[in-house]
Amino acid sequence: MEQFDVIIIGAGAAGLFCAAQAGLRGRRVLLLDNGKKPGRKILMSGGGRCNFTNLYTEAAAYLSHNPHFCKSALARYTQWDFIDLVNKHGIAWHEKTLGQLFCDDSAQQIVELLVKECEKAEVTLRLRSEVLSVSRDESGYTLQLNGDTVRAKKLVIASGGLSMPGLGATPFGYKIAEQFGLSVFPTRAALVPFTLHKPLLDQLQTLSGVAIDSTIEAQDGTLFKEAMLFTHRGLSGPAVLQISSYWQPGEFVTINLSPANDLDAFINVQREAHPNLSVKNSLAKLLPKRLVEILQEMKVVPDASLKQLNSKQQAELVQTLHQWRVQPNGTEGYRTAEVTLGGVDTTQLSSKTMEARDVPGLFFIGEVVDVTGWLGGYNFQWAWSSAWACAQAL
Ligand code: FDA
């Protein structure tokens, strides 16, 4: 039976970084993963360029039943620390928008960075490893693997959430938490596109691929101002992914289809200048033509000229375009979600070390924990910060 100081389950963002940090601190680390290669989600991330952190990382960008929990780790290993590491590896990056940092070339570079750090730290990486059972006695943890038994004083669960089962996601971490008496908040898909009910879906489907600037507000008042994309299933784009984390089934979202403009004032000015212009053609100066055509088919935009538009019609039109209330049918679910909301209850973990308060030697890091970031590099930063905080205690 092989003995290690630390066994880490999950060679994703959090597990790889934690393994390297613990190894560099002189620990003998075994890093296990069920997949063929490490960091599979990293490779897919940021459209293949990995949005590896956000310049504006702060606790307010995270959802959790315990909103203060993430503060300590985020303050001790910051976005600037990870940027330093990226620079040290000579990886070129750029800010795309809203503080979001992406590799210039490829997400593969971030995986290579993590693997190199693990090699430097002499981490033992075992891929295609299924953990069949985990048991604990006073001297540590024993893991039955497919064909092997391994032991360590400390066990770190970095097996991630449930999004994208095709990339190896499993409920393993939640099951281990429950096995050792920790509670787990119900999980749901987040940063995920909305699906729409018929007949709205049928009406909007031909807009698939059309993007507009928007603001989207959830019923709790949370609001994001980013792009929105019509898809053949419903609505997507950054604004929709963001608000999906704040949306509950059955609720409405309120969409401003033209947030940069005062449409009432715009129509008044247009009417003065071009009274015979159709409402449709005047709105097409601000919104994609196809969208305005569909809105006319839906009777949102009256089939009239500007001079024929009466004040009641104008008020209704402006209200709908600035405050379009949509009730999503649901979301696309874990199949396309970027993250999982909910997870291991943080009140049972130390915010300094990520160790379970009542189970010495058992740690939870990354997405398996009930800490979920906004879109924009926040989730990777949580992976790095929680992994680093944990590694200091290994
Ligand atoms: P992660 O999921 O990375 O790793 C968990 C590992 O555990 C996996 O390798 C898995 O195979 C392994 N595992 C699971 N069960 C196991 C078991 N039973 N036995 C052994 N191993 C097991 N975030 C961001 O900040 N910027 C971005 O650009 C993106 N982009 C993005 C795109 C896409 C398509 C997705 C799906 C997600 C993102 N994200 C993102 C979110 C980000 O990928 C996510 O938050 C982190 O990968 C979480 O890191 P973890 O290490 O916690 O889990």
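Just so it is clear, the model here is predicted, and its values are computed rather than measured.

If you trace the three strands from one edge of the open sheet to the other, you get β3-β6-β5, paired in antiparallel fashion. Where the open sheet ends on each side, the last strands, each with one partner, are β3 (51-54) and β5 (93-95). Put simply, the sheet's adjacent strands are angled 30 degrees from each other on average, direction ignored. Of the strand pairs in this sheet, β5 and strand β6 (residues 100-103) are connected by three bridges, and their pairing is antiparallel. Each bridged residue has a counterpart across the sheet, and for E95 the counterpart in β6 is L101.

In this section: the domain arrangement of the protein. According to the domain assignment, the protein contains domain 1 (2-188 + 340-392) and domain 2 (193-332). For domain 1 and domain 2, the distance between their C-alpha centres works out to 39 Å. For the pairing of domain 1 and domain 2, the buried interface totals around 710 Å² over both sides, and the portion due to carbon and sulfur atoms is 53%. When the area that domain 1 buries against domain 2 is broken down by residue, the three leading residues are R188, W374 and L375, summing to 65%. Counting the contacts that link domain 1 with domain 2 gives three residue pairs in polar contact (both at pLDDT 80 or more). The residue inventory of the side of domain 1 that touches domain 2, partitioned by class, reads five nonpolar, no polar and one charged.

A few words now on the pairing of strand β10 (residues 148-157). β10 sits mainly inside the fold: seven of its 10 residues count as buried. As paired elements, strand β1 (residues 2-9) and β10 share seven bridges and run parallel to each other. Within β10, the position partnered with V6 by the bridge is K154. Judged from the five bridges that link them, strand β9 (residues 140-145) and β10 form a sheet pairing that is antiparallel. Residue Y141 lies in a different strand from β10, and its bridge partner there is A152. Strand direction decides the pairing type here: β10 and strand β20 (residues 362-364), joined by three bridges, are parallel.

All right, on to the sheet that holds strand β14 (residues 223-230) then. Overall, antiparallel pairing links the seven strands, which are arranged β17-β16-β13-β14-β15-β12-β18 in an open sheet. Strand pairing shows two members of the sheet lacking a second neighbour, β17 (324-326) and β18 (330-331), which therefore form its edges. Relative to strand β15 (residues 234-236), strand β12 (residues 194-195) is paired through two bridges, and the arrangement is antiparallel. Note that in β15 the partner of T195 across the bridge is G234. Sheet strands in contact with helix α12 (residues 311-322) are β16 (253-256) and β17, and its direction is about 110 degrees off that of β16.

Take the environment of L32 next. Tracing the backbone shows L32 in strand β2 (residues 29-32). Here the alpha-carbon distance between L32 and S183, two residues 151 residues apart in the chain, equals 24 Å. Those residues within four positions of L32 in sequence are excluded, and the remaining contacts are I7, I8, I9, G10, A11, R126, S129, V131, L143 and L145.

The full set close to the ligand counts 31 residues, and D33, N34, T170, E367 and F380 are the nearest of them. The contact in question runs from an oxygen atom of the ligand to an N or O atom on the side chain of K41, over 3.4 Å. About the coverage of the ligand: the protein hides 95% of its 990 Å² of free accessible area. If you list the elements that add at least two residues to the shell around the ligand, you get α1 (13-24), α2 (40-44) and α13 (378-391). Of the residues forming the shell around the ligand, the biggest block, three residues, is contributed by α13. Taken together, the residues of the shell around the ligand sort by class into 12 nonpolar, 14 polar and five charged.

For the rest of this paragraph, the subject is the pairing of β14. The sheet contact formed by strand β13 (residues 211-217) and β14 spans seven bridges and is antiparallel. Counted as the bridge partner of I212 is M228 from β14. Where β14 meets β15, two bridges bridge the pair, whose relative direction is antiparallel. Residue pairing for β15: F230 is matched across the bridge by L235.

Criteria and thresholds
- Residues numbered from 1 in each chain as written.
- Predicted model: local features only at pLDDT ≥ 70, side-chain atom pairs only at ≥ 80, totals over all residues.
- Heavy atoms only, no water.
- Pairing = 2+ DSSP bridges.
- Helix = DSSP H or I, 4+ residues; strand = E, 2+ residues; numbered from the N terminus.
- Axes fitted to C-alpha atoms, helices over the stretch in contact; angles between N-to-C directions.
- Domains from an automatic or database assignment.
- Buried area = accessible area lost by both parts, 1.4 Å probe.
- Polar contact = N/O pair within 3.5 Å; in protein donor to acceptor, adjacent residues only side chain to side chain.
- Nonpolar A, V, L, I, M, F, W, Y, C, P; charged D, E, K, R; others polar.
- Buried < 20%, exposed > 50% of the residue type's maximum accessible area, 1.4 Å probe, protein only.
- Contact = heavy atoms within 4.5 Å.
- Near = heavy atom within 4 Å.
- Areas by Shrake-Rupley, 256 points an atom, 1.4 Å probe, with all protein chains shown as cover.

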